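Structure at a glance
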Amino acid sequence: MSEFTVGDTDFLLDGCPVRLLSGALHYFRVHEEQWAHRLGMLRAMGLNCVETYVPWNLHEPRPGGFRDVEQLGRFLDAAAEAGLWAIVRPGPYICAEWDNGGLPHWLSGGLRTRDEEYLGHVERWFRRLLPQVVPRQIDRGGPVLMVQVENEYGSYGSDQVYLRRLADLLRATGVSVPLFTSDGPEDHMLTGGSVPGVLATANFGSHAREAFATLRRHRPTGPLMCMEFWCGWFDHWGAGHVVRDPGDAADALREILECGASVNLYMAHGGTSFAGWAGANRGGGALHDGPLEPDVTSYDYDAPVDELGRPTEKFWRFREILAGYADGPLPDVPPAPGPLGAATPVVLGEWASRDTLLETLGGAGGEYAVPPTFEDLDVDQGLVKYEVSVPGPRRPYPLTVRGLRDLALVYVDGVAAGVLGEDSAQLKDPVAGPARVELWVESLGRVNYGPRTGEPKGITGGVLHERQYLHGVRARGLRLDALDDVEAVPFGPLPRGGAPGLYRGTFEVRGAGDAFLELPGWTRGFVWVNGFCLGRYWSVGPQHALYVPGPVLREGVNEVRVLELEAAAQPASPTSNESSTNSAVPSSPVLRSPTQASPSAGAVNS
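Along each chain, the written sequence defines residue order, and numbers are assigned to residues from 1. Local features in this predicted model are restricted to residues whose pLDDT is 70 or higher, and side-chain atom pairs enter the listing and the counts only when it is 80 or higher, whereas totals over whole chains, interfaces and linings include all residues. With hydrogens and water excluded, all non-hydrogen atoms of the structure serve as input to the side-chain values.

1. Overview of the pattern of salt bridges
Salt bridges, as used here, are contacts in which a Lys or Arg side-chain nitrogen is within 4 Å of a carboxyl oxygen on Asp or Glu. Overall, the coordinates contain 46 salt bridges when judged by the stated rule. The partner of Arg 164 in a salt bridge is Asp 168, and the shortest N-O contact between them spans 3.7 Å. Of the two residues, Arg 164 and Asp 168 both sit in helix H5 (residues 160-172), 4 residues apart, roughly one turn of that helix. Arg 310 serves as the salt-bridge partner of Asp 306, at 2.9 Å between the closest nitrogen and oxygen. Summarising the burial analysis for this pair, Asp 306 and Arg 310 share the class buried. Connected through salt bridges with shared partners, the residues Arg 282, Asp 289, Arg 405, Glu 422, Arg 452 and Glu 455 form a single ionic network. Helix and strand definitions here come from DSSP, where helices need a minimum of 4 consecutive H or I residues and strands a minimum of 2 consecutive E residues; each element is numbered from the N-terminal end. Each residue is assigned to one of three classes by its accessible area relative to the maximum for its type, calculated with a 1.4 Å probe on protein chains only: buried under 20%, partly exposed between the two thresholds, exposed over 50%.

Here is the structure:
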């Protein structure tokens, strides 16, 4: 057994100084069968440690209903097998561009405070989670060196009682390795987020000397560490693809190491926010109170190891620098996972409407005085259908949705009337009464950073006809994870006009391997391949294809399901020998190998 401690100037392993050269890799953003390869890439880059967050909402989707918490333990075992130490950041809040910053949608009480109701939920979660960490600590023969208390708390609050309660809870549940906090190198962040007697670290992307000078003003002793060295960045739907020059990132890394500090590359390998787990930010400057900026599915992050596990120029620049701090020659770079053998089109043959999905897979419906939120209906990600009646007779007036989060497809007496958003919440054409109004509302990802973390989704303010609220709202929710199993859904023939709904089809694979799925002409929705949800697609870009991990595919026939939420692609024009029935078939998605995909595929080029 070894002992890892925090010294006056260095980390100490069995009393000897050691520098942590760590890289962030989130086990929940990488297919489990690919963990070993990605961890091998970290070792080959010159790292000796891996860091991961733990998303509470992934593992406790409903209160007391835990799901594969053991996945963290398996990942830590894989890290040890790869020859890496590990840093665990269990939150309970993690940010991470992850839906709601990892906090479950059902949480009650004062979030991220000393509130007893909230802390009761945290304690139940930690007592279920930490048995995956405690026996894997370095003083028990495992790889875990350190565990974090909360996460960037100084960017949110100043409740020192709360932070101390969390630290005490970690100790009470068996964590014996050093604890730490991480915050931005600003006075107010460090004073709000640090805990007396607990190591403080800093998060930044450049100007290491200035950042560490600020940290030293608050902590004159203790090892220096940049817990998040932002060597890349993430993308938002409808914005440009963000990159960081490899030379600039390498210079910033070199400066950190020249300060004698330890470092954690954020991200070493970003991976993918599968299913509906991508989060969102708010614009608007320092208060983060502006327009919603939902994150794309790809979490490539312009990291040194790209979304498909391949080394980038940044990888080679970092490897050259890190080799100078290694005890010996670096391991060889593992070969890249095999790509898909040949491109193949998807043949779609069946369809189920949204109402059919709601009837077979939806939650309980009801009538409410005011619109219930997603949280009221126990919908973490997915859709809610709201129905409301406009009394009549009355002349046409504007119809407005207050507090809409995030998008709504609106139908008046069964006819499409428009798409509304948070900042465009009034229908273009006024509505006369009597009328029946349907609103299919979609969440684009919960805010994961700033004061609006935890805000509800759905219609949070009401539906107005002119200035009059419309009451007697009927609502029913459809969780995204309910569509993982569609055995009970009665599919029918394909519709005309690219109607929203769930499309099902197949494709043939000869030579299974990593691939991109392109959906030219489709608007917005989610895709499942062999029951595995790849995540959200959206025609606004910058991501134009979804990563399909090779282990998801199988030789021969594979199943695909596309949940289109607005308008499916239509063929440009049928050929003369196509029947009118065939002309209704949507344009096919296409599965391509990474070397065949279009340059705009994914949030990275291939």
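2. Structural notes on the environment of Thr 356
With respect to the helices and strands, Thr 356 occurs in helix H10 (residues 354-361). Along the backbone, Thr 356 and Arg 561 are 205 residues apart, and their C-alpha atoms lie at a distance of 15 Å. Throughout, a residue-residue contact means that at least one pair of heavy atoms, one from each residue, lies within 4.5 Å. Setting aside anything within four residues of it in sequence, one finds Thr 356 in contact with Val 489 and Pro 490. As used in this structure description, the phrase polar contact means that two N or O atoms lie within 3.5 Å; if the pair is within protein, one of them must be able to donate a hydrogen and the other to accept it, and residues adjacent in sequence are counted only when both atoms belong to side chains. Only 2.9 Å separates the side chain of Thr 356 from the side chain of Ser 353, close enough to count as a polar contact.

3. Comments concerning the pairing of strand S22 (residues 458-465)
Most of S22 is tucked away: 6 of the 8 residues are buried. With 6 bridges joining them, strand S18 (residues 399-405) and S22 adopt antiparallel strand pairing. Bridge assignment links Arg 405 to a residue of S22, and that residue is Gly 458. Relative to strand S23 (residues 468-469), S22 runs antiparallel, the two being bridged by 2 bridges. The partner of Leu 464 across the bridge, within S23, is Tyr 469. Joining the antiparallel neighbours S22 and S23 is a turn of 2 residues, in which Glu 466 adopts a positive phi near 60°. One bridge is not enough; two strands pair if DSSP finds at least two bridges between them.

4. Some thoughts on the environment of Val 161
On the secondary structure map, Val 161 appears in helix H5. Assessed through its relative accessible area of 36%, Val 161 is described here as partly exposed. Considered as a pair, Val 161 and Asp 115 are 46 residues apart in the sequence and their alpha carbons are 10.0 Å apart.

Geometric values such as these leave the question of function open.
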